[in-house]
Amino acid sequence: MLVSPLLSDPEGNGAAEGAAGLIVKTPYDPNDALDDIPGIAHTLDLFLASQMVESEEYCSKSDPNRERIYFCMGYGLIQCIKAVMSYDDDDIVAAMGHAKHATTVASKYRKVSSFTSKLAGYVVPSLHTTGVSLVQSMTPVERHAELVYAESLLERSTLAVIYSGDWLAFVKEAINMRTSLNIYRLLYKYIKAMDDASPKGYDNTIDEHFRTGVYLGAGGSMLVLSLLPSRIIAIVEIFGYHGDRHEALAILGKAGGWTSESDEPTVPVSTEGLRRSLCDMALIVFHLVLSSFTFEGVDIHMADKLIRWHAKRYPNGVFFLFGSGRLALVHSQPQEAIKYYARAIEVQSQYRTLHHISFWEMAIANLALWDIKASLACWTDLEREATWSKAIYTYGMAVCLLETGGDARPLMERVPKLRQKIAGKSIPLEKLVARKARKFLSQGHLALPVLEMAYRFLAIAHAPRQIVVTKMLVEVKACLQNLRSKNKKRTPGYWDDFCLAKFLEGVCLRYVAYPDPDAIIEPNTCSVDDLAGMSQGEAADASISAFEAVFDAGPNIELDHHIVYHAHYELGRLLACQGKEDEAGEQFNLILSGKYLEVGSSGKKGKYSMENALHMRTHAAFEALGNRAL
C-alpha cells in the first residue's frame, strides 16, 4: 500500500524556516518592485503550509498602502481562493475588489504603447505592437507587470461570472479572459523565442519567477481549452487559440523540471520560481480530479510523484493532504482516503470552508465503502455549512435517509428550489437531482438512489471489489427481487426502476470483472471466483446481459431515458477492457451520433439528463481506445 509522508506527522508545518523575519524594503521604490518576490514567496509558503491567516497578515503588514505589485497580486489570489471555497456573495465581491485593485496597480507598471501604434495594430494585425519584440524592449518590472495584470484580470473575470450567474456577464467577461489569454500566449512566445536563440536552448537572463508565471498561465489556459468539446475547440481555433493537452502538461511540468523518467524533479527548491508550486498543483488537479471525465494525458504515477515530493516539503499542507486522499481513492482505497481527509480537517481550522472539501470527498469515499450513515453525516455537514450546491447536498442527505429508513420527504421538497445557475446555465447535476426529487414526491419512492448517486460520483468505480460484491450487488439483487413481485402495468415507474437496477447491476459486474485500471489490488485480496462465485469471463458476460436488458426494456422507460445512453457508454468501456476495440467504438459512436437510441416517444423530446457530460466522457473514451485502459 502506498502511504504518503503526509500522514507521518513530522514536526513543523513546512513553512520556510527563518522566513518569519523577512522584512520588505522601505520606502517603496516602484523600480525595485521585484525585490518583493522573496516576501511574496514566503507568503505562499505559509499558505501552502496551512498557515492561512498568518499568510494574509504578512501580506497586509508588508503592504499597508496596497501599492506593491506582487503583494497586491498575492493578497488578491488568497481572497479569490477563499471566495471560491466559500461561494459566499460577500467573499466573492470582496475578492473581485482585490483582484481589480491588483490589475490597477499592475497597469501602472505596464509598458505604454503610443496611440498611433495601437491604431495601426487594430487596422493591420501584423503591425500590432504587442509582439515578441515589444516584450524584449520591456524592463523586467514591465514584463512582470504584464504577467500580474493577466493573472489578476483572469481571477476577476472568473469570479464575476460565478457571482452574476447570467449569460450577459459571461459574454462581457469573456472579453477580459481573452485579453489574459492573449498576454499569456505572447509572453510564452517571448520565452520560446529567447530560448531558441540561446546556444544552450535556455536563456538564463529570464528569471525563474517570470518563467513559472508564464508557464502557469500559458500551460493552464491551454489545458483548460483542451478540455472543451471538439465543436467549441473548432471555433476557438479560428481565433488563434489551441488546446494541445500534451504540450500544456509539458509546459506546466517545466516549472519543477518534472519528467516521466525520474521520480524527482530537476529543479530544486533553492532555484525554483515563485509559481512552481502552483504549476505542480495544477498538474495534480488534472491527473486526479479532471481525470474523472477525461483520459488523454492522465498520469496517476506523475500525480503520485508530485504529491510525495510536496508532502515532504509541506507535511501539514492541507492541499496536498487533499491530493493524497484523492490519490488513495483513485487507487480504490477509500478507507485510506478518509484518513487523509480527516487529517486535512485536523491540521488547520483557520479556513472552515476548506473542511467542506474534506466532507465532500469523505461523503463519496464512504459511499465507496457502503457506509451510508457515515456518508449521511458528511452530507449533513455540507448542507448545514457549505454553499456551493445546496441542492446536491440536500439530495445526498435525503437519499441516505431513505436508505436508512428515515423520512426524506421534507428534504426532497426543498431540492428543486435550491438550484443555481452559473453563466446563465443550470448545473446539470443539480437538474438531475431536482428531477429525481420531483419523481420521489410524485411516486413516493426511488429505486437504488444511493447506489445511483455512488455511480455518478465514481464511488462504484473506486470501491474495493469486496464491497461491490458483498454490498452493492446485494442491493441490486434485492431491488430486482422486489420488482418481480410488482405489477408492471400498475406500478408507477416500473420500467424506469427495472432499467436502473439492471444498469447498476451491469456497472457493478463490470468492476468485478475488470477493476478500475488505477486500482491497487492488495496481494491478499480474494479472487473473483472466491468473492462472486464466478470467473472473470462469467462476470463480464453477466454485465453485458444486464446492459442488453436495459436496451430491450428502454422503450418502456417513462422518465429516466438517460439510463439507456449511459448503458451504451459503460458497455463500450467493458468491451474495451476485453480488447474488443471496434465493438467498443461502435457503442461510443451511437452516443456521439446524437440519434435517439432505445427509447420510447417520451424519450424523443429534447435532451436527456447529463447529455453534455456523457458526450464529453464518451469522446474522451473514444480518443483513448487502444492507448490506455478504460
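Quick caveat: nothing in here was measured; it's all calculated off a predicted structure.

Enquirer: Before we move on, could you go through the environment of glycine 506 and cite the residues and values that matter?
Expert: Take glycine 506: it is sitting in helix α23 (residues 494-513). For glycine 506, a relative accessible area of 0% translates into the label buried. The spacing of glycine 506 and arginine 211 is 295 residues in sequence and 49 Å in space, taken between C-alpha atoms. With near-sequence residues (within four places) excluded, glycine 506 lies in contact with Ser543, Ala546 and Phe547.

Enquirer: With reference to specific residues and values, describe the layout of surface pockets.
Expert: In this structure, the second largest pocket encloses a volume near 440 Å³. The wall of the second largest pocket is formed by 25 residues, among which Ser332, Pro464, Ile520, Glu522 and Thr525 lie closest to the centre. When residues of the lining of the second largest pocket are traced back to their parent elements, those giving at least two are α15 (334-347) and α22 (465-484). Looking at the lining of the second largest pocket residue by residue, the class counts come to 14 nonpolar, six polar and five charged. Residues lining the lining of the second largest pocket come from more than one domain, with at least three contributed by each of domain 2 (353-463) and domain 3 (471-629).

Enquirer: Just give me the short version of the domain arrangement of the chain, but keep the residues and values in it.
Expert: Examined at the domain level, the chain breaks down into domain 1 (34-111 + 119-162), domain 2 (353-463) and domain 3 (471-629). Placing the centre of domain 1 and that of domain 2 at their C-alpha centroids yields a distance of 37 Å. Counting residues at the interface gives seven residues for domain 1 and eight residues for domain 2. Regarding the contact of domain 1 and domain 2, the summed buried area is about 800 Å², with carbon and sulfur atoms giving 68% of it. It is Met85, Tyr87 and Val161 in domain 1 that bury the most area against domain 2; as a group they hold 66% of the surface buried on that side. Applying the counting criterion to the domain 1 and domain 2 interface returns zero salt bridges. Summed over the shared surface of domain 1 and domain 2, the number is two residue pairs in polar contact (both at pLDDT 80 or more). The biggest single contributor to the side of domain 1 that touches domain 2 is helix α3 (residues 69-86), with three residues.

Enquirer: Go over the packing of aromatic side chains, please, and point to the residues and values.
Expert: Taken as a whole and assessed by the stated rule, the structure comprises 18 aromatic pairs. Here tryptophan 360 and tyrosine 393 contribute two aromatic rings whose centre-to-centre distance is 6.1 Å and whose plane-to-plane angle is 70°, an arrangement assigned as edge-to-face. Here tyrosine 393 lies in helix α18 (residues 390-403) and tryptophan 360 lies in helix α16 (residues 352-368), a separation of 33 residues in the sequence. The interplanar angle of 35° and the centroid separation of 6.1 Å between the aromatic rings of tryptophan 379 and phenylalanine 457 together place this pair among those described as tilted. You can see tryptophan 379 sitting in helix α17 (residues 372-385) and its partner phenylalanine 457 sitting in the loop between α21 (449-456) and α22, a full 78 residues away along the chain. Both residues of the pair, tryptophan 379 and phenylalanine 457, belong to the buried class.

Enquirer: Explain a positive patch on the surface to me, and be specific about the residues and the numbers.
Expert: Judged by side-chain charge, Arg231, Arg419, Lys421, Lys425, Lys431, Arg435, Arg438 and Lys607 come together as a positively charged surface patch. Counting residues per element, the positive patch draws most heavily on helix α20 (residues 428-443), which supplies three residues. Within the secondary structure, lysine 425 sits in strand β2 (residues 425-426). Judged by relative accessible area, lysine 425 falls into the exposed class, the value being 55%.

Enquirer: Got a sec to walk through empty space enclosed by the protein? Specific residues and values, please.
Expert: By the definition in use, this model includes five cavities of 30 Å³ or more. Put simply, the largest cavity is a space of about 350 Å³. Around the largest cavity sit 27 residues that line it, and Ser291, Ser292, Leu458, His462 and Asp516 are the ones nearest its centre. Elements that contribute at least two residues to the lining of the largest cavity include exactly α12 (276-288), α14 (318-330), α23 and α26 (562-577). Sorting elements by how many residues they give to the lining of the largest cavity places α26 first, with three residues. Counting only domains with at least three residues in the lining of the largest cavity, you end up with domain 2 (353-463) and domain 3 (471-629).

Enquirer: Report on a nonpolar patch on the surface, specifying residues and quantitative values.
Expert: Taken together, the side chains of Ile235, Ile238 and Phe239 make up a nonpolar region of the molecular surface, amounting to roughly 350 Å² of accessible area. Turning to its location among the elements, phenylalanine 239 is positioned in the loop between α10 (230-238) and α11 (245-254).

Enquirer: Lay out α14 with the relevant residues and their values.
Expert: What sets the pattern is the α-helix's 3.6 residues per turn: residues three or four places apart point alike. Over its 13 residues, α14 extends 18 Å from the first C-alpha to the last, a length consistent with the 18 Å expected when each residue adds 1.5 Å. Of all 13 residues in α14, 13 are buried; the element is thus mostly enclosed. Of the residues trailing α14, serine 332 is marked for its positive phi of about 60°.

Enquirer: Run through unusual backbone geometry, naming residues and quoting values.
Expert: Cis geometry marks the peptide bond from threonine 26 to proline 27, where omega comes out at -5°. You can see proline 27 is positioned in the segment before α1 (37-48). The phi torsion at serine 332 lies on the positive side, around 60°, for a residue other than glycine. As for its placement among the helices and strands, serine 332 is situated in the loop between α14 and α15. Residue serine 332 is classed as buried on the basis of its relative accessible area of 11%. The backbone of leucine 448 shows a phi angle near 45°, a positive value even though the residue is not glycine. By the element assignment, leucine 448 lies in the loop between α20 and α21.

Cut-offs and rules
Residues numbered from 1 in each chain as written. Predicted model: local features only at pLDDT ≥ 70, side-chain atom pairs only at ≥ 80, totals over all residues. Heavy atoms only, no water. Helix = DSSP H or I, 4+ residues; strand = E, 2+ residues; numbered from the N terminus. Buried < 20%, exposed > 50% of the residue type's maximum accessible area, 1.4 Å probe, protein only. Contact = heavy atoms within 4.5 Å. 1 Å grid on protein atoms, 1.4 Å probe; cavity = no way out; pocket = protein on both sides within 12 Å on 5 of 7 lines; lining within 4 Å. Points joined across faces, edges and corners; volume = space filled by probe spheres on them. Nonpolar A, V, L, I, M, F, W, Y, C, P; charged D, E, K, R; others polar. Domains from an automatic or database assignment. Buried area = accessible area lost by both parts, 1.4 Å probe. Salt bridge = Lys/Arg side-chain N within 4 Å of Asp/Glu carboxyl O. Polar contact = N/O pair within 3.5 Å; in protein donor to acceptor, adjacent residues only side chain to side chain. Phe/Tyr/Trp six-rings, centres within 6.5 Å; stacked < 30°, edge-to-face > 60°. Patch = residues over 30% accessible without salt bridge, like charges linked within 9 Å, V, L, I, M, F, W, Y side chains within 5 Å. Areas by Shrake-Rupley, 256 points an atom, 1.4 Å probe, with all protein chains shown as cover. Lys, Arg positive; Asp, Glu negative; His and termini not counted. Charge placed at Lys NZ, Arg CZ, Asp CG, Glu CD. Expected span 1.5 Å × (residues − 1).

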